[in-house]
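If you want the building blocks of each chain, they are given just below.
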Amino acid sequence: MSVFSRFGDWVREGQIWGSVFRHGVPRDRRTRAMAVLSNVFLHLHPVAIRKSGIRLSFTWCMGGLTFFLFLVEVVTGVLLMFYYRPTVEYAYFDIQGLRAHVTLGLLREMHRWGAHAMVIAIWLHMLRVFLTGSYKPPREFNWVVGVILLVLTLLLSFTGYLLPWDQLAMWAIAVGSNMARATPVLGHEGPLAQLVQIGGVPLVHAGDDARFGLLAGTFVGPNALLRFYVLHCIFIPLVVGVLIAVHFWRIRKDGGISGPL
Amino acid sequence: MMNSILATESLLAAGGVEAIKSGINWICQPHWFFILSCAGTGVFLAGYRTLTKPAVGIFVLVAFTIAYSLSAFDPDFLSIIIKPDNIPITLMFYLFGFFIWLGFRQSALNDQAMEEGKPLMEAGSDDKVLVWPDLVYTELIAMVLCTVFLMVWAVVLRAPLEQPADPSLAPNPAKAPWYFLGLQELLVYFDPWIAGVLLPGLVIVGLAAIPFIDKNPRGNGYYTFKERKFAVTMFMIGFVILWLVLIVFGTFLRGPNWNFFGPYEYWDAHRPVALLNINLSEIFWVQWLNQGIPTEGRWGLPHYVYRELPGIAVLIGYFFVLPGILRVTVFKKLADQMGFIRFALMVQLFLWMALIPIKMVLRWGWNFKYIVAITELFLNF
Ligand code: HEM
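Remember, predicted model here, so these are calculated numbers, not experimental data. (Residues numbered from 1 in each chain as written. Chains lettered and ligands numbered in written order. Predicted model: local features only at pLDDT ≥ 70, side-chain atom pairs only at ≥ 80, totals over all residues. Heavy atoms only, no water.)

Caption draft 1: Region of the structure containing the overall build of chain A. Helix and strand counts for chain A come out as twelve helices and three strands. Taken along the three principal axes of its C-alpha coordinates, chain A extends 85 × 55 × 30 Å. Of all 261 residues assigned to chain A, the portion counted as buried reaches 51%. In chain A, 61% of the contacts between residues at least 6 apart in sequence involve partners at least 24 apart. Here chain A holds 23 positive side-chain charges and 13 negative ones, and the gap between their average locations is 14 Å. (Helix = DSSP H or I, 4+ residues; strand = E, 2+ residues; numbered from the N terminus. Buried < 20%, exposed > 50% of the residue type's maximum accessible area, 1.4 Å probe, protein only. Contact = heavy atoms within 4.5 Å. Lys, Arg positive; Asp, Glu negative; His and termini not counted. Charge placed at Lys NZ, Arg CZ, Asp CG, Glu CD.)

Caption draft 2: Broad picture of the pattern of salt bridges. All names here are of chain A. For the structure shown, the criterion picks out 15 salt bridges over all chains. Residue D94 is joined to R85 by a salt bridge in which the shortest nitrogen-to-oxygen separation is 2.9 Å. For D94, a relative accessible area of 10% gives the class buried. Notably, a salt bridge pairs R250 with D254, separated by 3.4 Å at the nearest N-O pair. (Salt bridge = Lys/Arg side-chain N within 4 Å of Asp/Glu carboxyl O.)

Caption draft 3: Expanded view of the coordination of the iron atom of the ligand. All names here are of chain A. Taken together, the protein ligands of the iron atom of the ligand are H125 (NE2) and H247 (NE2), with distances of 2.0 to 2.1 Å. Around the iron atom of the ligand sit six donor atoms; with metal-centred angles ranging over 86 to 179 degrees, the donor geometry is octahedral. Pair noted here: H125 is in helix α8 (residues 107–131) and H247 is in helix α12 (residues 222–253), with a separation of 122 residues, a long-range link. The pair formed by H125 and H247 is uniform in burial state, with each residue classed as buried. (Donors = N, O, S within 2.8 Å, 3.2 Å for Na, K, Ca; no water. Tetrahedral: all angles 85-135°; square planar, octahedral: opposite > 155°, others 65-115°.)

Caption draft 4: Up close: the site of the ligand. Residues and elements named next belong to chain A. Contacts to the ligand come from 24 residues, most closely from H125, R128, G146, H247 and S258. With respect to the ligand, the side chain of H125 contributes an N or O atom lying 2.8 Å from a nitrogen atom. Note that an oxygen atom of the ligand is positioned 2.8 Å from one of the side-chain N or O atoms of S258. Of all elements in the fold, only α6 (62–81), α8, α9 (140–162) and α12 reach the threshold of two or more residues within the shell around the ligand. Of the residues belonging to the shell around the ligand, the class tally is twelve nonpolar, ten polar and two charged. (Near = heavy atom within 4 Å. Polar contact = N/O pair within 3.5 Å; in protein donor to acceptor, adjacent residues only side chain to side chain. Nonpolar A, V, L, I, M, F, W, Y, C, P; charged D, E, K, R; others polar.)

Caption draft 5: Quick look at the interface of chain A and chain B. Listed by partner, the interface residues are 88 residues for chain A and 94 residues for chain B. The three residues of chain A that bury the most area against chain B are W113, W123 and L131 of chain A, which together make up 9% of that side's buried surface. Put simply, K136 of chain A and D214 of chain B hold a salt bridge, and the shortest N to O gap is 3.6 Å. On the surface where chain A and chain B come into contact, there are 34 residue pairs in polar contact (both at pLDDT 80 or more). Tallying contributions element by element places α8 of chain A first for the side of chain A that touches chain B, with 17 residues. Along the lines of polarity and charge, the residues of the side of chain A that touches chain B split into 56 nonpolar, 17 polar and 15 charged. Bridging between strand β1 (residues 48–50) of chain A and strand β1 (residues 128–130) of chain B involves three bridges; their strand directions are antiparallel. What sits directly across from A48 of chain A, in β1 of chain B, is L130 of chain B. (Buried area = accessible area lost by both parts, 1.4 Å probe. Pairing = 2+ DSSP bridges.)

Caption draft 6: Representation of a nonpolar patch on the surface. Residues and elements named next belong to chain B. On the surface, L140, M143, V144, V148, V152, V155 and V156 cluster together into a nonpolar patch covering about 610 Å² of accessible area. With respect to the helices and strands, V156 occurs in helix α7 (residues 131–156). Take V156: its relative accessible area is 62%, and that puts it in the exposed class. (Patch = residues over 30% accessible without salt bridge, like charges linked within 9 Å, V, L, I, M, F, W, Y side chains within 5 Å. Areas by Shrake-Rupley, 256 points an atom, 1.4 Å probe, with all protein chains shown as cover.)

As structure tokens, this is what we get:
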């Protein structure tokens with residue numbers, strides 16, 4: 001026995017290790033099952049799983065990678081929040097300072113490329129779920145949860161796009177939010193909106209329509225920046241987090257990764 | 001003497017390259033590009049068993065990589081693909097190429113196995129393995145590789161930061177983020193209330209409705225194409241052609257003023273475009289009936305409703321009569337399986353999806369704009 005493995009055994013037999021991990025080294029069936037069961041994170045998984053379900057070419061690991069990329073975004077995003085102030089005076093220059101002065105200024109790159117990667121990963125995940133017919137009973141509901149997650153993921157990317165407050169950001173959001181102006185009935189340039197009036201006074205106008213609700217103003221300005229910041233950093237991630245929990249829970253309740261009956 | 005021969009040769013070569021480039025620019029005109037994408041998808045689905053053979057896959061991979069790399073010598077093409085926010089597009093080509101291949105490869109093998117009465121690739125689904133170590137290690141490796149990949153990407157490429165936002169200085173073209181470029185492309189053919197609100201809403205509703213529409217019990221939990229041809233074909237049309245191909249459109253082929261440019265063409269902001277789009281009402285009243293566009297109502301209808309009656313009739317026919325015809329012809333078998341409500345929902349989603357290529361082709365071919373144009377109420381269709 002080498003020094004290292006003796007040291008390893010000594011650590012694993014000590015009280016500290018034992019207080020964290022309540023099972024022995026996962027070397028046999030029982031301790032391996034315990035390793036999964038007694039860990040809150042690993043416990044997302046069942047103890048045993050169908051052979052076909054863990055084949056990499058079946059799931060492409062894409063759901064897992066989408067989740068991992070979401071975690072990367074959370075971690076890098078929280079770190080970015082230390083440096084970034086969502087106001088028109090500071091936003092752009094905070095980002096500029098971040099790339100010029102901050103040690104390990106890779107944060108912003110990781111966050112941005114991670115977001116792109118998450119969009120691609122979630123599309124691929126949807127493609128594989130479709131191609132394996134895994135939305136069929138009993139997994140219909142989880143597919144619907146997935147569709148909502150897809151929409152929220154795109155909205156996360158979209159709201160984040162505005163935050164650097166550069167030309168790219170402002171005009172991409174301007175293009176996108178202009179569409180809200182044309183919402184039927186609710187947008188002031190939308191069909192039928194003119195019909196919503198009392199005694200000739202229009203009720204839907206630029207100052208209260210769907211676009212106004214989105215931007216908190218009639219143009220992409222300071223209010224829109226703050227609104228997108230809060231949506232991006234707090235509201236949407238929270239909802240996504242909850243829905244991912246539901247999604248994972250349902251995978252297990254629906255009988256695990258799908259397979260031929 | 002020697003010199004002049006060399007010069008002539010390189011000139012010829014350059015001419016050849018230019019000819020190829022302009023050929024590709026020509027092929028990338030919207031209608032050709034679109035028709036070729038559809039044809040490509042069709043050929044792939046029809047010949048998926050042969051076309052997913054590894055040798056074919058490798059050939060396509062190498063050919064695409066060579067063509068893409070050679071294209072990078074063109075300054076206009078290069079300027080598009082090296083935009084940091086366009087890297088995902090290149091990534092998308094490779095990842096979607098690979099995974100679509102992988103999915104259909106496994107479908108082909110499974111379909112073959114079923115015909116020969118052999119077990120599926122996913123068979124033996126009752127055999128269980130322990131999550132620790134078999135799954136957790138796979139996950140760990142996937143996470144590590146993903147992290148490494150992101151880090152390398154982050155070190156090599158800086159995230160873009162342009163000039164500070166300036167509400168008075170609109171860039172030309174102003175593009176949405178790449179993943180929404182398909183929707184932005186729809187704005188050319190539809191008014192914003194359809195392209196930006198209704199169609200995205202229908203995409204979401206349509207996706208969520210899939211499990212409730214598709215009552216085919218086969219193909220649950222394994223790769224197959226043969227057993228669910230209709231469903232998979234529809235999904236591929238919607239996802240690959242109407243979403244991904246339109247993103248490629250928006251990235252490579254749309255330049256200043258949202259005009260079309262070939263991939264190797266200089267984005268000239270001053271290129272004149274003489275386009276006079278025409279509405280159905282003009283075709284009907286002016287070209288067919290040889291009278292002016294009605295300016296007064298009739299039969300108690302406001303003039304704009306009377307004027308647009310032909311278009312309204314077309315829409316009613318498209319959304320309410322056509323489903324009935326489809327019900328008893330091409331979709332007969334499907335409809336019998338589905339029941340009324342499912343079929344009605346499916347057909348409406350199908351018709352909305354079909355409306356996109358229909359309006360695109362009408363625009364490209366005949367400069368056609370609105371079927372119904374009630375501009376008075378912003379109700380243009
Ligand atoms: C934040 C986004 C998402 C995360 C983190 C996520 C995560 C996962 C994971 C880890 C799995 C296990 C199997 C696998 O990796 O393929 C899974 C399965 C599944 N996902 Fe997602 N997913 C997301 C979005 C979606 C979307 C957009 C859809 C569909 C529209 C979807 C539908 C499903 C279904 C139906 C299953 C069960 C598949 C089976 O049992 O074979 N999910 N998801």
